[in-house]
Amino acid sequence: MLEPGAIWLDTDGAPIQAHGGGVLYRNGTYYWYGENKNAENVADPAGTGAFLDRVDVIGVSCYSSQDLLHWKNEGVVLPAVADDPAQDLHSGKVAERPKVLYNVQTGKYVLWLHIDTADYKYARTGVAVSDQPTGPFEYLGSFRPNGAESRDMTLFQDEDGVAYLIYSAEWNATTYIAPLTDDYLSTRGEFVRVFEQQYREAPAVFKHEDQYFMVTSGCSGWAPNEAQYAVAPTVQRPWTVMGNPCVGPDADKTFHAQSTFVLPVAGKAPGSFIFMADRWNNKNLRDSRYVWLPMQIEDDRLTIHWRDRWDLSEFEQRL
Ligand code: DGJ
């Protein structure tokens, strides 16, 4: 059973550390990548300008599973760098929201993540590659995609193989959607601006029956806020804002969580998607929890209801 908000243990019995994450499904296995925050919170280190609760960067974790319930720890596949503060992956920086795609043309696994300084002013995306889903990933560097700031971000791979970076730009005021180059290692120089001046974070994009959906959060640091979803006939536009997909008690706080990814469940009825969100514990970030919930889609209507416990038979019942 999946218990949203409980402590989730890996197959070694240790709490799973994969925050702000995403899942890649490949050859019958799910790979869950996320931020390893298994450290004490650090007080604002003098001189960094950090204004938010933080832990030092440990790196990107990977867990594998065949059933979305039992997760094997595959280790830290992109580790922090301890000794050089100039490096993007130095432990004193920020490395958040890793997402991984498989590129059929190059045979590489490509990881993108938000790289920042502790004051969140560096605002870049970093890219890393590996021949294996379980790493190790080779870090290639970071940049500002299309010359714009990039903070919260996600990747979306369309059915035609074209991948997109979706990122909060312009100090989070506007979301940019940019196609990646064929090798998925950079952006192409094209982008569209959506949700202008609407301050959205934590994007999660998926497609169902010729319609694209994007769930986002508002901007309130680690504190939960109301989610919003939008629909579009193409990945890039036009996006129509539909409202809050969450229903019931605490729906206005996304059940005390924040979106990170929407996972299509393999081998189930079309429309079987899991909403993945983080219940941040800002004063003890390593104890942030996972809130995964089944989503219901009817035409362009998306709803998410709270469940104390549920399992994947939820999706079979809809067949
Ligand atoms: C909200 C973002 O969605 C998170 O990934 C993280 O950057 C926090 N802000 C930091 O406060």
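First, a word on what this report is: a plain description of the structure on this page.

Definitions and cut-offs
- Residues numbered from 1 in each chain as written.
- Predicted model: local features only at pLDDT ≥ 70, side-chain atom pairs only at ≥ 80, totals over all residues.
- Heavy atoms only, no water.
- Helix = DSSP H or I, 4+ residues; strand = E, 2+ residues; numbered from the N terminus.
- Polar contact = N/O pair within 3.5 Å; in protein donor to acceptor, adjacent residues only side chain to side chain.
- Contact = heavy atoms within 4.5 Å.
- Buried < 20%, exposed > 50% of the residue type's maximum accessible area, 1.4 Å probe, protein only.
- Pairing = 2+ DSSP bridges.
- Near = heavy atom within 4 Å.
- 1 Å grid on protein atoms, 1.4 Å probe; cavity = no way out; pocket = protein on both sides within 12 Å on 5 of 7 lines; lining within 4 Å.
- Sits in = over half its atoms within 2 Å of the grid points.
- Nonpolar A, V, L, I, M, F, W, Y, C, P; charged D, E, K, R; others polar.
- Core = buried A, V, L, I, M, F, W, Y, C linked by side-chain atoms within 4.5 Å.
- Points joined across faces, edges and corners; volume = space filled by probe spheres on them.
- Disulfide = S-S within 2.5 Å.

1. Quick look at the side chain of Lys207
Inference 1: Within the secondary structure layout, Lys207 lies in strand 13 (residues 201–208).
Inference 2: For Lys207, the side chain forms a polar contact with the side chain of Glu159, separated by 3.0 Å.
Inference 3: Among the polar contacts made by the side chain of Lys207, one reaches the side chain of Tyr212 at a distance of 3.2 Å.
Inference 4: Contacts of Lys207, omitting those with residues within four sequence positions, involve Phe156, Asp158, Glu159, Tyr212 and Phe273.

2. Topic: the pairing of strand 18 (residues 258–264)
Inference 1: Buried residues dominate strand 18, accounting for six of its seven residues.
Inference 2: Here six bridges tie strand 18 to strand 19 (residues 273–279), and the two strands are oriented antiparallel to one another. Note on strand 19: the bridge partner recorded for Phe261 is Met276.

3. Here we look at the site of the ligand
Inference 1: The environment of the ligand is formed by Leu52, Glu96, Arg97, Tyr120, Asp152, Glu201, Gly221, Trp222 and Gln258.
Inference 2: Measuring from an oxygen atom of the ligand, one finds a side-chain N or O atom of Tyr120 at 3.4 Å.
Inference 3: Separating an oxygen atom of the ligand from a side-chain N or O atom of Asp152 is a distance of 2.4 Å.
Inference 4: Judged by the fraction of its atoms near the pocket grid, the ligand is located in the second largest pocket.
Inference 5: Classifying every residue of the shell around the ligand by side-chain character gives three nonpolar, two polar and four charged.

4. Section: the nonpolar core
Inference 1: Core analysis: the largest hydrophobic core is formed by 41 residues, its most contacted members being Trp32, Leu68, Phe206, Ile274 and Trp292.
Inference 2: Breaking this core down by element, the ones donating at least two residues are strand 2 (29–36), strand 13, strand 14 (211–217), strand 15 (228–232), strand 18, strand 19, strand 20 (289–298) and strand 21 (301–305).
Inference 3: In terms of nonpolar packing, the next biggest core, distinct from the first, is built from 18 residues, Tyr31, Leu89, Ala95 and Ile115 among them.

5. Looking at empty space enclosed by the protein
Inference 1: With the rule as written, the count across this model stands at one cavity of 30 Å³ or more.
Inference 2: Considered as a void within the structure, the largest cavity measures approximately 120 Å³ in volume.
Inference 3: Looking at the largest cavity, it is lined by 16 residues, and the ones nearest its centre are Glu35, Lys37, Val55, Val57 and Ala95.
Inference 4: Mapped onto the lining of the largest cavity, the elements with two or more residues apiece are strand 2 and strand 5 (94–103).
Inference 5: At three residues, strand 5 tops the list of elements feeding residues into the lining of the largest cavity.
Inference 6: By residue class, the composition of the lining of the largest cavity is seven nonpolar, two polar and seven charged.

6. Concerning the layout of surface pockets
To find leftover empty space, one rolls a probe the size of a water molecule over the atoms.
Inference 1: A volume near 630 Å³ is recorded for the largest pocket.
Inference 2: What lines the largest pocket is a set of 27 residues, among which Val23, Leu24, Leu101, Gln157 and Pro264 lie closest to the centre.
Inference 3: Listing elements by their share of the lining of the largest pocket, those giving two or more residues are strand 1 (19–26), strand 5, strand 9 (153–157), strand 13 and strand 18.
Inference 4: Considering each element in turn, the lining of the largest pocket owes the most residues, five residues, to strand 1.
Inference 5: Tallied by class, the residues present in the lining of the largest pocket amount to 19 nonpolar, three polar and five charged.
Inference 6: As a volume, the second largest pocket reaches approximately 360 Å³.

7. Considering the pairing of strand 3 (residues 59–65)
Inference 1: Burial within strand 3 is extensive, with seven of its seven residues counted as buried.
Inference 2: Pairing analysis gives seven bridges linking strand 2 to strand 3, with the strands arranged antiparallel. Counterpart to Gly34 in the pairing with strand 3 is Ser61.
Inference 3: Bridge count for strand 3 against strand 4 (residues 72–79) is six bridges, and the pairing is antiparallel. Residue Val60 lies in a different strand from strand 4, and its bridge partner there is Leu78.

8. Overview of the state of the cysteines
Inference 1: Counted under the stated rule, the structure contains zero disulfides.
Inference 2: Note on Cys219: no disulfide assigned, nearest cysteine sulfur contributed by Cys246 at a separation of 17 Å.
Inference 3: Since its relative accessible area comes to 35%, Cys219 is described here as partly exposed.

9. Here we look at unusual backbone geometry
Inference 1: The step from Gly135 to Pro136 runs through a cis peptide bond, and the omega angle for that step is 0°.
Inference 2: Within the secondary structure, Pro136 sits in the loop between strand 7 (124–130) and strand 8 (138–143).
Inference 3: With an omega of -10°, the peptide bond between Arg237 and Pro238 qualifies as cis.
Inference 4: Summarising the element assignment, Pro238 is placed in the loop between strand 15 and strand 16 (240–243).
Inference 5: The backbone of Tyr199 shows a phi angle near 50°, a positive value even though the residue is not glycine.
Inference 6: In this fold, Tyr199 is placed in the loop between strand 12 (192–194) and strand 13.
Inference 7: Backbone geometry at Ala202 places phi at a positive 55°, although glycine is not the residue there.
Inference 8: With respect to the secondary-structure elements, Ala202 resides in strand 13.

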